[in-house]
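Secondary and tertiary structure notes
Each chain, letter by letter, is given below.
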Amino acid sequence: MNMISVMLVDDHAVVRMGFKMLLESDQDIKVIAEAESGEAAIRAYVEHHPQVVVMDITMPGIGGMEAIERILAKDNHARILVLSAHEDSVHPKRVLNAGAMGYVTKRSAAEELIKAIRSVANGKKYIEASVAQQMAIQQLSGEQNPVDVLSEREFEVFMSLARGKSTNEIAETLFLSPRTVGTHLYNIKQKLNAQNSAEIALIAMRCGLLEP
């Protein structure tokens, strides 16, 4: 098999170093670039053109979700594997909807990550088995999944509400007017059949997006 070139994206240098050592213990994988933010990932991708981008999604700045979309806007053949601490069924759906080809949790075994990288390098999607099982259970339960019904902006407002933020705080954080946040809130309640912020928080907990 030809050598697979990889770019590691994570805001923690120690985490990148650990995964670099782990990946390069496999003779078929070479880490050719690293980035500590979404913005740096976009620049490094354009410069190095790795075969596989291994990316965390929780980072300062624009974050992993937007970085995925921007990299794919520059190269729609980019192969992105998300390596995340999130073990719920919602984050994998979001990254796959954004165009990523795989999802593995940071707790997965080294062999699983290497297998995922090989799979994605060959143009095949890869979702860690335990995550795929959770996604299937969520689908079977028939409950409205926020990812399926909310727009990206509505999802941001939904998560802020679930964390107890006020309309004004959300408006300030997301650079929106309170009136626009109010419109998003109305739509979120309609789509998720929620009456108030407490019910929104419960939905987030049931989906594994918030710690109970």
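Below, the structure is looked at part by part.

Basis of the calculations
Residues numbered from 1 in each chain as written. Predicted model: local features only at pLDDT ≥ 70, side-chain atom pairs only at ≥ 80, totals over all residues. Heavy atoms only, no water. Salt bridge = Lys/Arg side-chain N within 4 Å of Asp/Glu carboxyl O. Helix = DSSP H or I, 4+ residues; strand = E, 2+ residues; numbered from the N terminus. Buried < 20%, exposed > 50% of the residue type's maximum accessible area, 1.4 Å probe, protein only. Pairing = 2+ DSSP bridges. Contact = heavy atoms within 4.5 Å. Axes fitted to C-alpha atoms, helices over the stretch in contact; angles between N-to-C directions. Core = buried A, V, L, I, M, F, W, Y, C linked by side-chain atoms within 4.5 Å. Lys, Arg positive; Asp, Glu negative; His and termini not counted. Parallel < 35°, antiparallel > 145°, perpendicular 65-115°, else oblique. Right-handed = clockwise from strand over helix to strand, strands pointing away.

Right, let's get into the pattern of salt bridges. Applying the stated rule across the entire model yields 12 salt bridges. Between Arg-118 and Asp-28 there is a salt bridge, with its nearest N and O atoms 3.1 Å apart. Here the residue Arg-118 occupies a position in helix α5 (residues 110-121), and Asp-28 occupies one in the loop between α1 (13-24) and β2 (29-35), the gap between them amounting to 90 residues. The exposure class of Arg-118 is partly exposed, given its relative accessible area of 27%. With its nearest N and O atoms 3.2 Å apart, the salt bridge here joins Asp-56 to Lys-106. Here Asp-56, found in the loop between β3 (52-55) and α3 (63-74), pairs with Lys-106, found in the loop between β5 (102-105) and α5; they are 50 residues apart in sequence, far enough to count as distant.

The strands making up a sheet associate through backbone hydrogen bonding, with each pair oriented either parallel or antiparallel. Ordered by their spatial adjacency, six strands build an open sheet running β2-β1-β3-β4-β5-β6, and the pairing between neighbours is parallel. Where the open sheet ends on each side, the last strands, each with one partner, are β2 and β6 (126-127). Across four bridges, strand β1 (residues 4-9) lies against β3 in parallel orientation. Within β3, the position partnered with Leu-8 by the bridge is Val-54. Contacting β4 (80-84), β5 and β6, helix α4 (residues 90-98) runs over the sheet at an angle of about 150° to β5.

Attention now goes to the nonpolar core. Grouped together as the largest cluster of nonpolar side chains are 28 residues, with contacts concentrated most on Met-7, Val-9, Met-55, Ile-68, Ile-71, Ile-80 and Val-95. Taken together, the elements giving at least two residues each to this core come down to β1, β2, α2 (38-48), β3, α3, β4, α4 and α6 (129-141). Leaving out residues up to four positions away in the same chain, Ile-80 has contacts with Val-53, Met-55, Ile-68, Ile-71, Leu-72, Ala-100, Met-101, Gly-102 and Val-120. If you look at the next biggest cluster of nonpolar residues, it comprises 23 residues, including Phe-155, Leu-161, Ala-171 and Ala-194.

With that settled, consider the side chain of Asp-75. By secondary structure assignment, the location of Asp-75 is in the loop between α3 and β4. One buried charge, Asp-75, has no salt-bridge partner; the nearest side chain with opposite charge is Arg-79, at 8.6 Å. Non-local contacts of Asp-75, meaning those with residues more than four positions away in its chain, are made with Tyr-45 and His-49.

So, on to the packing of helix α8 (residues 152-162) against helix α10 (residues 178-192). Direction vectors running N to C along α8 and α10 enclose 90°, while the axes themselves pass 9 Å from each other. When the interaxial angle is binned, α8 and α10 end up roughly perpendicular. Between α8 and α10, the residues in contact are Arg-153, Glu-154, Val-157, Phe-158 and Leu-161 and Val-181, His-184, Leu-185, Asn-187, Ile-188, Lys-191 and Leu-192, respectively.

So, on to the pairing of β1. The element β1 is extensively covered by neighbouring structure, given that six of its six residues are classed as buried. Where burial is concerned, the two faces of β1 agree: the one with Ile-4, Val-6 and Leu-8 and the one with Ser-5, Met-7 and Val-9 are both buried. Where β1 meets β2, six bridges bridge the pair, whose relative direction is parallel. Bridging across to β2, Ile-4 finds its partner in Ile-29. Taking the sense of rotation as the criterion, the β-α-β connection linking β1, α1 and β2 turns out right-handed.

Among the residues of α2, those classed as buried are Gly-38, Ala-40, Ala-41, Ile-42, Ala-44 and Tyr-45. Residues of α2 that are buried sit in contact with β1, β2, β3 and α3. Following α2 by one or two positions, His-49 adopts a phi angle in the positive range, close to 45°.

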